[in-house]
Amino acid sequence: MIERTNRSGGPSVRESCCVSTPFNPLLPFSPITPEGRRSQTAAMTEDRSWRDTMREFTAHPAFRRIVVVLGVEFFERTAYYGVVFSLASYALNLLRVDVSLADIVVNAVYAAAPLLSLVGAQIVDRGVLARPQALVIFGTVYTLGITFIALSALPIMYRAFPDGPRPVAFGLFIVGLFLFCAGFGPVKTVATPLLGEQIEDYTDTSDIATVRDTIHNPQFNESLVAGEEEAARSPRSLAIEELRPSSPYSDTLKRSMATFFLAYFWVINAGSMLGIFVSPLLRQVYGPTIKGVEGDASSTGYWVGFLTFALWLCCGIAIFAAHVNQFMTADRRRRVAQAIVLSDPSSASRAVPRCEDPRCEVPQEGSESCRSSMRSFLPLLQLLTPLPVYWLCQSQTSTNFIILAGCTDLPSWLQADALNNAGTISLLVALPLVKLLNIRLPQTRMLIGFFVSCGSMFAGAIVQHLANQRGTLRDDGTYTLFDGASRLSGAWVAIPFATTNIASAFADPTVLEAAYLLAPNQSRSTAMSLYLIASSASGFLGLAFSPVSVPRYFVHLFIGMGVSLAVIASLWFVWMTRCRCRNGATFT
C-alpha cells in the first residue's frame, strides 16, 4: 500500500485513518491533490501486463456494483420486451378487443411510462428515497404489474378457455398495465444515474474521490450515519449538490463513461433480443392454437410467458436487493466525503473551480433559485432536441421496413418480423467497432449516427422504388407482381435494417452518456425522465405522419424523413459546437 501524506506535511493518510480520536466529518481535512493521485495511479500502472490491469479493475469495490446494475438492466430489458411485444396480440386474441383498442393499449404504455417516470424521478431527486432503495421498490411494483397481467391470462379467468374472458380478467389486465408503467418508468430513471455514479466512483480523481477512498476504517463506518446527519445540517453542505456540477469532468472519467455506456447499451440490447425471441416460444408451452384476428395461427399460453418474465425480473431485483447495502454505503461515503472537502474552504476551491457560466451558479432562494435550476437543464434540453425526429426514423424498422421486407424474396425460413432480431445482432456487432474508432467528441458520434440514420431512410426509399418497378404494394400491405416480373432479392432490404442499427450504435449510447454528464447532479433522475419523454415524443410525430404513412407513399415518406433529420441534425450540431456547455462534457 502506498503511503500518502497530506498537504500540511502531517501524518500519512493511512495513519490519519487509524487514529483513536472520534471521527468528525465536519473537521477540516486536507486530502492529497488530484494531480498527485493521478501520478500515483500512473506510477502503479507502469510496466504492468493487461492481466494485472484487469485484476486491479475487477478488484475495485465499484466493479461489482457496476456488474450488478448491468445485470439488473439485462433482466429488466428481457422482461420488458417479452411483455410489450405480446400485449397487442394478447388483447386481440384472448381478450377479444378490436384492433383500434389494442393499439390504444400499446400506445398508452409507451405514453404513460415516461410521464409516470417523472413522479418517480421527483421522489428520488428530492431525497425521499435513495436511488438504491427506489430501484428495489419500483422494481417490485414493476414485477407486480407483470404478475397481474399474467393472472389475467390464466385459463380460470375465462368461461371456456380461450373464449369468454371474464370481467375480472379485464380488471387484472388494467391494474397490471398501470403497475407495469408505474414501475418501469422510475426504474429506468434510477438505473442509469446509479450506473453513472458507480463509474464515477471507479474513475474519479477529484479531491472528493481521494477523501472517499481513504474512508475505509471501521471507526469511520461507525460514525458514518451520524456524520452524514450532521453534514446534512451544515449550511455549507447544503450547497454541495449545486457546487459539485461546476467541476469539469476529467478526460479519464469521460472516456470511462463512453466505454461503460457502450457496454450498458450492448447488455440492454442483448436482453431485448432475448425477450423478443423467447416470448413466442413460451406462449406455445400451454394451451390450444387458435386462429388469430389477423387470420394466422396463434398460441394461447400467454400466461406462461408473462409469469416467466415476472419471475425473471424478480430474480434481477432480488440480486440487486442482496447488494443494496453496498450501494447505500457507497452513496453515504460519497456524500460525507463531499461534505469533508467542502468543510475546508481551500480544498473546496480546488475541488470546485470557479465557473463563469451562469448554469454553474449556486441557486439562491425564491424565484432566482427557480430560474437558476431551469438554466441548469438548458444544455440537456439542447441535447435532446433532435431525438424525436431521429427516433421516428429509427422506428421504421419495426413498422414500414417490415412491410417493405414483404415485397422482397426472403428465404422460406426467414419471416419479415424476424428481421428485427437480425438487426439487433448487427447492432451488437457494431457497438465494439464504435469503441475501436475512438471518436472523442460525443456530439460527433451523435452526428454520425444521425446521418447514418438518414442513409437508412434513403436506402429504404431506393429499395421501395425498385420494388414498385416490379409490382404494386397496396395500402393493406399486400404485394402483387407485374406479369413476368420477379421479386427483388431479400439482400436489398438488409441494407436499411443494417444501417439503422449502425446508427443506433453511434447515437443511442452516446445520448445516454451525454445526458448523464450534462444533467445537474441533484436532478439526474429527472433528466432521465426527460430522455424518456423525448423518446415517446417520436410517437406523437408518428401520429402526425400517419396520413402519409401508407405503402403508396413510402418512397416520399422515407425521403422526407431523411431530409428532415439531415437538416435538423446539421443545425443542431452547429448549435451545440457554438455553445459552451456545463460539466466540461466536451460539447465545446
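Residues numbered from 1 in each chain as written. Predicted model: local features only at pLDDT ≥ 70, side-chain atom pairs only at ≥ 80, totals over all residues. Heavy atoms only, no water.

> Just to check I follow, could you spell out the overall build of the protein for this structure?
In terms of regular secondary structure, the protein is built from 24 helices and eight strands. Per-residue burial for the protein yields a buried fraction of 52% across its 588 residues. Within the structure as shown, the protein displays about 25900 Å² of accessible surface, and the carbon and sulfur contribution to it stands at 64%. (Helix = DSSP H or I, 4+ residues; strand = E, 2+ residues; numbered from the N terminus. Buried < 20%, exposed > 50% of the residue type's maximum accessible area, 1.4 Å probe, protein only. Areas by Shrake-Rupley, 256 points an atom, 1.4 Å probe, with all protein chains shown as cover.)

> Please clarify how the nonpolar core should be interpreted in this entry.
Taken as a class, soluble globular proteins show a tendency for nonpolar side chains to be buried jointly. Residues Tyr90 and Phe180 are the most contacted members of the largest nonpolar core, which totals 126 residues. For Phe180, the contacting residues outside a window of four places in its chain are Tyr80, Val83, Val84, Val109, Tyr142, Gly145 and Ile146. (Core = buried A, V, L, I, M, F, W, Y, C linked by side-chain atoms within 4.5 Å. Contact = heavy atoms within 4.5 Å.)

> Explanation requested: the packing of aromatic side chains in the structure shown.
Both the distance between ring centres and the angle between the ring planes are used here to describe each pair of aromatic rings. If you walk through the whole model with that rule in mind, you get 26 aromatic pairs. Aromatic pair Tyr158 and Phe161: ring centres 5.5 Å apart, planes at 75°, arrangement edge-to-face. When the ring of Phe261 is compared with that of Tyr264, the centres are 6.0 Å apart and the planes differ by 80°; the resulting orientation is edge-to-face. Taken as a pair, Phe261 and Tyr264 lie in helix α12 (residues 251-283) at a separation of three residues, close to a single helical turn. Neither Phe261 nor Tyr264 differs from the other in exposure class; each is buried. Ring-pair connections join several aromatic residues into one group, and the members of that group are Tyr80, Tyr81, Phe85, Tyr142, Phe180 and Phe184. (Phe/Tyr/Trp six-rings, centres within 6.5 Å; stacked < 30°, edge-to-face > 60°.)

> Which parts of the structure should I look at to understand the side chain of Glu76?
Tracing the backbone through its elements, the reader meets Glu76 in helix α4 (residues 61-93). A polar atom in the side chain of Glu76 sits 2.8 Å from the side chain of Tyr142. Excluding its chain neighbours within four sequence positions, the residues that come into contact with Glu76 are Tyr142, Phe184, Val187, Lys188 and Leu313. (Polar contact = N/O pair within 3.5 Å; in protein donor to acceptor, adjacent residues only side chain to side chain.)

> Sorry if this is basic, but what is going on with the pattern of salt bridges here?
Summed over the entire model, instances satisfying the criterion amount to eight salt bridges. Between Arg96 and Asp163 there is a salt bridge, with its nearest N and O atoms 3.0 Å apart. With a gap of 67 residues between them, Arg96 in the loop between α4 and α5 (99-125) and Asp163 in strand β2 (residues 163-165) connect regions that are remote in the sequence. By relative accessible area, which is 41% here, Arg96 ends up partly exposed. As a salt-bridge pair, Asp125 and Arg131 come within 3.7 Å of each other at their nearest N and O atoms. Given the relative accessible area of 11%, Arg131 is considered buried. Connected via shared salt-bridge partners are Glu73, Glu76, Arg77 and Lys188. (Salt bridge = Lys/Arg side-chain N within 4 Å of Asp/Glu carboxyl O.)

> Is there a simple way to explain helix α24 (residues 554-578) in this structure?
One turn of the α-helix equals 3.6 residues, which is why residues spaced by three or four share an orientation. Taking 1.5 Å as the rise per residue, α24 with 25 residues should run 36 Å; its terminal C-alpha atoms sit 36 Å apart, in good agreement. The set of residues buried in α24 consists of Phe554, Val555, Leu557, Phe558, Met561, Gly562, Leu565, Ala566, Ala569, Trp572 and Met576. (Expected span 1.5 Å × (residues − 1).)

> What is the right way to look at the side chain of Asp125 in this model?
Note that Asp125 resides in helix α5. The class of Asp125 is buried, set by a relative accessible area of 19%. Among the polar contacts made by the side chain of Asp125, one reaches the main-chain amide nitrogen of Ser525 at a distance of 3.4 Å. Among the polar contacts made by the side chain of Asp125, one reaches the side chain of Thr526 at a distance of 2.5 Å.

> Before we go on, may I ask you to explain the environment of Gly271 in this structure?
The topology assignment puts Gly271 in helix α12. Judged by its relative accessible area of 0%, Gly271 is buried. Spatially, the C-alpha atom of Gly271 lies 8.2 Å from that of Ala79, the residues being 192 residues apart in sequence.

> Would you mind showing me how to read the packing of helix α6 (residues 131-152) against helix α13 (residues 302-322) here?
For the pair α6 and α13, the least separation of the axes is 8 Å and the interaxial angle reads 165°. In this view, α6 runs roughly antiparallel relative to α13, as classed from their interaxial angle. Between α6 and α13 lies a crossing whose hand is left-handed. Here Pro132, Leu135, Val136, Gly139, Thr140, Tyr142, Thr143, Ile146, Thr147, Ile149 and Ala150 of α6 come into contact with α13, specifically with Trp303, Phe306, Leu307, Phe309, Ala310, Leu313, Cys314, Ile317, Phe320 and Ala321. Here the contact of α6 with α13 is composed, by residue class, of 17 nonpolar, four polar and no charged. (Axes fitted to C-alpha atoms, helices over the stretch in contact; angles between N-to-C directions. Parallel < 35°, antiparallel > 145°, perpendicular 65-115°, else oblique. Left-handed = near helix turned anticlockwise from the far one by under 90°. Nonpolar A, V, L, I, M, F, W, Y, C, P; charged D, E, K, R; others polar.)

> For this particular structure, what's the right way to read the state of the cysteines?
By definition, a disulfide links two cysteine residues through a covalent bond between their sulfur atoms. Evaluated as defined, the whole model comprises zero disulfides. As a non-bridged cysteine, Cys393 has Cys454 as the owner of its nearest cysteine sulfur, 6.4 Å distant. A relative accessible area of 1% places Cys393 in the buried class. (Disulfide = S-S within 2.5 Å.)

> Mind showing me how you'd approach the packing of helix α18 (residues 387-394) against helix α21 (residues 442-468) here?
For the pair α18 and α21, interaxial distance at closest approach is 10 Å and the crossing angle is 40°. Regarding the angle of α18 to α21, the classification is oblique. For the crossing formed where α18 meets α21, the hand is left-handed. Mapping the contact onto sequence places Leu387, Tyr390, Cys393 and Gln394 in α18 and Gly449, Phe450, Ser453 and Met457 in α21.

> Please explain α18 as it appears in this structure.
The buried fraction of α18 amounts to eight of the eight residues, a majority that puts the element mostly inside the structure. Every buried residue of α18 is listed here: Leu387, Pro388, Val389, Tyr390, Trp391, Leu392, Cys393 and Gln394.

> I keep staring at the confidence of the model for the protein and nothing clicks. Help me out?
Detailed reading of the predicted coordinates is not advisable wherever pLDDT is low. The share of residues in the protein with pLDDT of 70 or more is 70%, and the mean pLDDT across the chain is 75. Confidence over residues 205-248 falls short of pLDDT 50; this stretch has 115 contacts with residues more than four positions distant or in other chains. The low-confidence segment residues 581-588, where pLDDT is below 50, has 41 contacts with residues more than four positions distant or belonging to other chains. (pLDDT = per-residue confidence, 0-100.)

> What's the story with the environment of Met273 in this structure? I'm lost.
Checked against the element boundaries, Met273 lands in helix α12. For Met273, a relative accessible area of 21% puts it in the partly exposed group. Distance in space between the C-alpha atoms of Met273 and Ile425 is 8.2 Å, their sequence separation being 152 residues. Ignoring sequence-local partners within four residues, the contact set of Met273 consists of Asn421, Thr424, Ile425 and Leu428.

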